[in-house]
Amino acid sequence: MKILVTGGAGFIGSAVVRHAVAQGHAVVNLDALTYAACLDNLASVADSPLYAFERADIRDAEALRRIFRDHAPDAVMHLAAESHVDRSIDAPGGFVDTNVMGTATLLQAARGYWEGRGRPAEFRFHHVSTDEVFGSLPGDPDHRFTETTPYAPNSPYAASKAASDHMVRAWGRTYGLPVVLSNCSNNYGPFHFPEKLIPVVILSALAGQPIPIYGDGGHVRDWLFVEDHAEALLRVLTRGEVGRSYNLGAEAEVTNLELVRRICRLLDLRRPAGAPHEELITLVADRPGHDRRYAIDPERAASELGWRAQVSLEEGLSRTVDWYLENRDWWQPLLDRAGLGQRLGLGAGA
């Protein structure tokens, strides 16, 4: 099929694009190329006849209508979003504008295209969301997010994603648009933008700088390797039931402090000159509204889609650390663009 992927130059989006092209799908990557986007993520498919790129903003209705008309996709995978919680706390308006209004604009463009083609039953609009819409879980390991967990977002980012989830469901019920939804746990892996936790840990440790951890480090997350997630998303798109949502997680819960310690131990083996890197761990003031625990129950995806995560946290962290050690040419320009390189002592001349 031909898939229109929004946000395809981002971390998860680029993994989806690479995976879809590898499976023989044609992909149109729609991306506004904001600060977290990087076309270098797509170097392996850039010359493929199955790949096309459109620089556009999901808030631009006219551009969306043109792209739908010119490319005639069979499906949409909507990943374009502002996604960094800290940024949403500092400047929530941009998250509302992109994640809420942008999703509404995209839904209307998809609806117009779908209706103009005679409302084909095989068309799909797949909205990719986050487990953060569900809020925070108690510490009891028997409690995990399911597809029926009530929404209780606690950050501006989570609230903006919850609103977009609700709009997708509304377009499905009100207009009959064939929608599917997915909510994932924390992703990690190669090409992860350097402002997120795991890259921050790796790059801070390499620079011999403090490794910041919020609060007491006891916040728990379920970590999903990005390539496992890309496979799951394509299964949701191609096998998921219309109107249904799917929770996607790796059943790999760990506290932030333990996660960072594991990364430090991997770096001790690979860069012994800086060992023990755990000495760089620094607890900092917690951020407002910080959810204590996330955990996904992936049973619906397992039973209906035949999907479970294949990459263990141990393997995934090892692969991720090795990738960052081997790909300074990728992350250094991003650090410099964001003004982070000199602060970490990892400037271009370092």
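Preceding this section is the structure that the text describes.
Along each chain, the written sequence defines residue order, and numbers are assigned to residues from 1. Whole-chain, interface and lining totals are the exception, using all residues; otherwise, since this is a predicted model, local features are given only for residues with pLDDT of at least 70 and side-chain atom pairs are given and counted only at 80 or more. Note that water and hydrogens are dropped before the side-chain values are worked out from all heavy atoms of the structure.

Caption draft 1: Spatial organisation of the overall build of the chain. For the purposes of this entry, the term helix denotes a DSSP run of H or I that reaches at least four residues, the term strand denotes a run of E that reaches at least two, and both are numbered from the N terminus. Along the chain, the regular secondary structure elements total 12 helices and 12 strands. Computed over C-alpha atoms, the radius of gyration of the chain comes to 20 Å, within 12% of the 20 Å expected from 2.2 N^0.38 for 350 residues, which places it in the range of a compact globule. Dimensions of the chain, computed from the C-alpha atoms along their principal axes, are close to 65 × 45 × 40 Å. Throughout this description, buried means an accessible area under 20% of the type-specific maximum (1.4 Å probe, protein chains only), exposed means over 50%, and partly exposed covers the range between. Looking at the 350 residues of the chain, the share that counts as buried comes to 55%. Long-range contacts, defined as pairs at least 24 residues apart, comprise 78% of the intrachain contacts of the chain with a sequence gap of at least 6. Here the accessible surface of atoms and residues is derived via Shrake-Rupley with a 1.4 Å probe, and residues count as covered only by protein chains that are part of the display. Surface accessibility of the chain: about 14,200 Å² in total, with carbon and sulfur atoms responsible for 50%. In summary, the charge assignment counts Lys and Arg as positive and Asp and Glu as negative, without counting His or the chain termini. In this description, the location of a charge corresponds to atom NZ of lysine, CZ of arginine, CG of aspartate or CD of glutamate. When the 35 positive and 45 negative side-chain charges of the chain are each reduced to one mean point, those points stand 4 Å apart. Only C-alpha atoms enter the radius of gyration; for comparison, a globular chain is expected to reach 2.2 Å times N to the power 0.38, where N is the number of residues. Only heavy atoms matter for contacts: two residues are in contact if any of them lie within 4.5 Å across the pair.

Caption draft 2: Layout of the nonpolar core. Among the nonpolar cores identified, the biggest contains 67 residues, and Met77, Leu248 and Ile263 are the most heavily contacted of them. In contact with Leu248, not counting residues within four places along its chain, are Ser182, Asn183, Cys184, Ser185, Leu224, His229, Ala232, Leu233, Val236, Ile296, Ala301 and Trp307. Definition of nonpolar core: a set of buried residues of the types Ala, Val, Leu, Ile, Met, Phe, Trp, Tyr and Cys, connected through side-chain atoms within 4.5 Å.

Caption draft 3: Quick look at the packing of helix H6 (residues 197-207) against helix H8 (residues 256-270). Note on definitions: angles span 0 to 180 degrees between N-to-C directions of axes, and those axes are lines fitted to C-alpha atoms, for helices only across the stretch in contact. Look at H6 against H8: their axes get within 10 Å of each other, and the N-to-C directions meet at 45 degrees. Considered as vectors, H6 and H8 are oriented oblique to each other. For the element pair H6 and H8, the recorded crossing hand is right-handed. Contacts from Leu197, Ile198, Val201, Ile202, Ala205 and Leu206 of H6 reach H8 at Asn256, Leu259, Val260, Ile263 and Leu267. When an angle is under 35 degrees it counts as roughly parallel; over 145 it counts as roughly antiparallel; between 65 and 115 it counts as roughly perpendicular; any other value is oblique. Handedness of a crossing follows from how the near helix is turned relative to the far one, being left-handed for an anticlockwise turn of less than a right angle and right-handed for a clockwise one.

Caption draft 4: How the structure looks around the environment of Leu106. Among the secondary structure elements, Leu106 is positioned in helix H4 (residues 92-116). Leu106 sits in the buried class, given a relative accessible area of 0%. Considering only alpha carbons, one finds Leu106 and Val76, 30 residues apart in sequence, at a separation of 9.6 Å.

Caption draft 5: Spotlight on the sheet that holds strand S6 (residues 179-184). A pair of strands is considered paired only if DSSP assigns at least 2 bridges between the two. Pairing is parallel across the open sheet formed by 7 strands, whose spatial order is S3-S2-S1-S4-S5-S6-S10. In the strand order of this sheet, the two ends are held by strand S3 (51-55) and strand S10 (245-248), each with one partner. Along the sheet, successive strands turn relative to each other by an average axial angle of 20 degrees, direction set aside. Relative to the sheet, helix H1 (residues 11-22) contacts strand S1 (2-6), strand S2 (26-31), S3 and strand S4 (75-78), its axis offset from that of S1 by approximately 170 degrees. Sheet strands touched by H4: S1, S4 and strand S5 (124-130). Its angle to S5, the strand with the most contacts, is close to 165 degrees.

Caption draft 6: Geometry of the sheet that holds strand S9 (residues 220-225). Here 3 strands make up an open sheet; going across it, the order is S7-S9-S11 and the pairing mixed. Each edge of the sheet is formed by a strand with only one pairing partner; in this case those strands are strand S7 (186-188) and strand S11 (253-255). On average, each strand axis in the sheet is tilted by 50 degrees relative to the strand beside it, whichever way the strands run. Where S9 meets S11, 3 bridges bridge the pair, whose relative direction is antiparallel.

Caption draft 7: Representation of the pairing of S1 in the model. Most of S1 is tucked away, with 4 of its 5 residues classed as buried. Inspection of the sheet shows S1 paired to S2 by 5 bridges, in the parallel sense. Residue pairing in the sheet places Val5 in a bridge with Asn29 of S2. When the strands point away from the viewer, a crossover counts as right-handed if the route from the first strand across the helix to the second turns clockwise. Between the parallel pair S1 and S2, the chain is carried across by H1, and the sense of this crossover is right-handed. Pairing geometry for S1 and S4, over 4 bridges, is parallel. Within S4, the position partnered with Leu4 by the bridge is Val76.

Caption draft 8: Region of the structure containing the packing of aromatic side chains. Pairing of aromatic side chains here covers Phe, Tyr and the six-membered ring of Trp, requires ring centres within 6.5 Å, and sorts the geometry by plane angle: under 30 degrees stacked, over 60 edge-to-face, intermediate tilted. Counted by the stated rule, this structure contains 15 aromatic pairs. With a centroid separation of 5.4 Å and an interplanar angle of 85 degrees, the aromatic rings of Tyr35 and Phe193 are classed as edge-to-face. Highlighted residues: Tyr35 in the loop between S2 and S3 and Phe193 in the loop between S7 and H6, separated in sequence by 158 residues. Between Trp323 and Tyr324, the aromatic rings sit 5.0 Å apart at their centres with planes inclined by 80 degrees, giving edge-to-face as the arrangement. The pair Trp323 / Tyr324 is uniform in exposure class, with both members buried. Here the aromatic residues Phe134, Phe145, Tyr151 and Tyr294 are joined through ring pairs into a cluster of three or more.

Caption draft 9: Representation of the side chain of Asn41. Structurally, the position occupied by Asn41 is in the loop between S2 and S3. The term polar contact refers here to a pair of N or O atoms within 3.5 Å; inside protein, the definition further demands a hydrogen-donor-capable atom paired with an acceptor-capable atom, and it admits residues adjacent in sequence only when both atoms are side-chain atoms. Among the polar contacts made by the side chain of Asn41, one reaches the side chain of Ser14 at a distance of 3.4 Å. Of the polar contacts made by the side chain of Asn41, one reaches the side chain of Trp330; its length is 2.8 Å. What Asn41 contacts, discounting residues up to four positions off in sequence, is Ala9, Gly10, Phe11, Ser14, Arg18, Phe191 and Trp330.

Caption draft 10: Inspection of the packing of helix H10 (residues 313-326) against helix H11 (residues 328-337) at higher detail. Between H10 and H11, the shortest axis-to-axis distance is 6 Å and the interhelical angle comes to 75 degrees. In terms of orientation, H10 lies roughly perpendicular with respect to H11. Together, Trp323, Tyr324 and Glu326 of H10 and Arg328, Trp330 and Trp331 of H11 make up the contact between the two elements. Residues are grouped as follows: Ala, Val, Leu, Ile, Met, Phe, Trp, Tyr, Cys and Pro are nonpolar; Asp, Glu, Lys and Arg are charged; every other residue, Gly included, is polar. Classifying every residue of the contact of H10 with H11 gives 4 nonpolar, no polar and 2 charged.

Caption draft 11: Up close: the environment of Met77. Residue placement: Met77 occurs in strand S4. A C-alpha to C-alpha distance of 16 Å links Met77 and Arg65, two positions 12 residues apart in sequence. Setting aside residues no more than four positions away along its own chain, Met77 makes contact with Ile3, Leu4, Val5, Thr6, Val16, His126, Leu233, Leu234 and Leu237.

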